[in-house]
Amino acid sequence: MDPTVKKWFKSIGLTEANNHKTNYNNDFIEQHGNIKSVKKEAGFDPVQVQEKMNFFMMQSLVIEVGTEQMRKYFLKQTGIDKSNVGQFLMQEQHARLKNIKIVADQKQIMYRKDANIKKFDITIMMILIRYCCGVSRPDKFWTNPGQQDNTNLANLVRIQKYRNMMIAHNPDLRIPVVEFENYWKILTPIFKNLGVTVDEINKYRQIV
C-alpha cells in the first residue's frame, strides 16, 4: 500500500488486514482523487469517514456482484458462450439494437469480435438484457417492477434501481449509517433470490 494511504487509514483507525483489502483501499483513495482531497473533505470527522466507507462498501456490493449476476443472466437467456459475445452483438447491432441509444464509448467495447463481457458495466448489461434476451415487459417494469414480482429479472432491475439511487446519483459519495443499514437489509434478500450466499454478500462489509 502507498505509505501516504496507509498512514491515512491508520489515522482513522483502519488497518491493513490483507492484500484483498489493500486493493480496495487504494481504489477508494483513487476514486476520490488523492489523499489530500479526502482529508480536506472529511476533516478526519469519524462520521463523514464512516459514511464514505459505507458508500464504498455499498458500491462494491452493488456493482461487482450485481453486474456479475446480470452477466450470468444474459449468457443463460441467450444460450451463448462468453467467448462469442462480440460476434453476437455485432449481429444484433443491425437487428434488435439498431434503434437503441448507445453512447460511443459503449459501442467501442461492445461491437467488436473480441468483446469481453467482463468489461460491460450495469448500464450495458441492462440494455442487453432488455433488448436481446427475448423478454417482454411493460416500460414501467424497467424502472419499478411490481413488489410481488420475485423473478430474477425483476431483482436485476431492482439492483440497477438502487445503483442509480445510491451510487450513480450520489454527489457526496457518502451514505449515512441508518440509510446504509436499511439499504443493506433491502438488498440482501434481492441478492439471495439471485443465488448469492449471505456470506458472499456480507463479505463486502469487511473490505475496508
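One structure accompanies this document, and this report is about it.

Calculation notes
- Per chain, residues are indexed from 1 in the order of the written sequence.
- In keeping with the predicted nature of the model, local features appear solely for residues at pLDDT of at least 70, side-chain atom pairs appear and are counted solely at 80 or more, and the whole-chain, interface and lining totals rest on all residues.
- Here the side-chain values reflect all heavy atoms present in the structure, with hydrogen atoms and water set aside.
- Method remark: on a 1 Å grid restricted to protein atoms, a set of points is classed as a cavity if a 1.4 Å probe fits but cannot get out and as a pocket if it is open with protein on both sides within 12 Å along at least five of seven lines; lining residues have an atom within 4 Å of a point.
- Grid points are joined across faces, edges and corners, and a volume is the space filled by probe spheres set on the points.
- Helix and strand definitions here come from DSSP, where helices need a minimum of 4 consecutive H or I residues and strands a minimum of 2 consecutive E residues; each element is numbered from the N-terminal end.
- The residue classification treats Ala, Val, Leu, Ile, Met, Phe, Trp, Tyr, Cys and Pro as nonpolar and Asp, Glu, Lys and Arg as charged. All others, Gly included, are polar.
- Note on aromatic contacts: the rings of Phe and Tyr and the six-membered ring of Trp form a pair at centre separations within 6.5 Å, being stacked when their planes are under 30 degrees apart, edge-to-face when over 60 apart, and tilted otherwise.
- Burial classes: relative accessible area under 20% of the type maximum marks a residue as buried, over 50% as exposed, and values in between as partly exposed (1.4 Å probe, protein chains only).
- Comment: the charge-over-ring label is applied if NZ (Lys) or CZ (Arg) is within 6 Å of the ring centre and within 35 degrees of the ring normal.
- Between N-to-C directions, angles span 0 to 180 degrees; the directions come from axes that are lines fitted to C-alpha atoms, helices contributing only their stretch in contact.
- For classification purposes, an angle smaller than 35 degrees is called roughly parallel, one larger than 145 roughly antiparallel, one from 65 to 115 roughly perpendicular, and anything else oblique.
- Take the far helix as your reference; a near helix turned counterclockwise from it by less than a right angle gives a left-handed crossing, and one turned clockwise gives a right-handed crossing.
- Any pair of residues with heavy atoms lying within 4.5 Å of one another is described as a contacting pair.

Some thoughts on the layout of surface pockets
(1) Moving on: Quantified by volume, the largest pocket comes out at close to 180 Å³.
(2) Moving on: What lines the largest pocket is Thr123, Met126, Ile127, Arg130, Tyr131, Asp139, Trp142, Thr143 and Gln160.
(3) Moving on: Examining the composition of the lining of the largest pocket, we find that five residues originate from one element, helix α7 (residues 122-132), more than from any other.
(4) Moving on: Partitioned by chemical class, the residues of the lining of the largest pocket number four nonpolar, three polar and two charged.
(5) Moving on: For the second largest pocket, the calculated volume is near 160 Å³.

Details of the packing of aromatic side chains
(1) Moving on: Under the definition given, this model contains four aromatic pairs.
(2) Moving on: Their ring planes at 90° and their centres at 5.2 Å tell us that Phe141 and Trp142 sit as a pair that is edge-to-face. In this pair, the class of Phe141 matches that of Trp142, namely buried.
(3) Moving on: Consider the rings of Phe180 and Trp184, whose centres lie 5.3 Å apart with planes at 40°: the pair is tilted. With a gap of four residues between them, Phe180 and Trp184 both fall in helix α9 (residues 177-193), about one helical turn apart. Per residue, the accessibility class of Phe180 equals that of Trp184, and both read buried.
(4) Moving on: The residue whose ring lies beneath Arg205 is Trp184, and the NZ or CZ to ring-centre distance is 5.2 Å.

Here's the deal with the environment of Phe55
(1) Moving on: You can see Phe55 is positioned in helix α4 (residues 46-78).
(2) Moving on: The class of Phe55 is buried, set by a relative accessible area of 1%.
(3) Moving on: Each C-alpha atom of the pair Phe55 and Asn170 lies 9.1 Å from the other, and the pair is 115 residues apart in sequence.

Describing unusual backbone geometry
(1) Moving on: Even without being glycine, Leu173 reaches a positive phi, approximately 55°.
(2) Moving on: Position of Leu173 among the secondary structure elements: in the loop between α8 (152-168) and α9.
(3) Moving on: According to the relative accessible area criterion, Leu173 is partly exposed, its value standing at 22%.

As for the packing of α8 against α9
(1) Moving on: Between α8 and α9, the shortest axis-to-axis distance is 9 Å and the interhelical angle comes to 150°. With respect to their mutual orientation, α8 and α9 come out roughly antiparallel. In this structure, α8 crosses over α9, and the sense of that crossing is left-handed. Every residue of α9 that contacts α8 at Asn152, Asn155, Arg158, Ile159, Tyr162, Met165 and Met166 is listed here: Tyr183, Ile186, Leu187, Ile190, Phe191 and Asn193.
(2) Moving on: Partitioned by chemical class, the residues of the contact of α8 with α9 number nine nonpolar, three polar and one charged.

Brief notes about the environment of Asn116
(1) Moving on: In this fold, Asn116 is placed in the loop between α6 (104-110) and α7.
(2) Moving on: For Asn116, a relative accessible area of 35% puts it in the partly exposed group.
(3) Moving on: Sequence separation between Asn116 and Ser83 is 33 residues, and the spatial gap between their C-alpha atoms is 7.6 Å.

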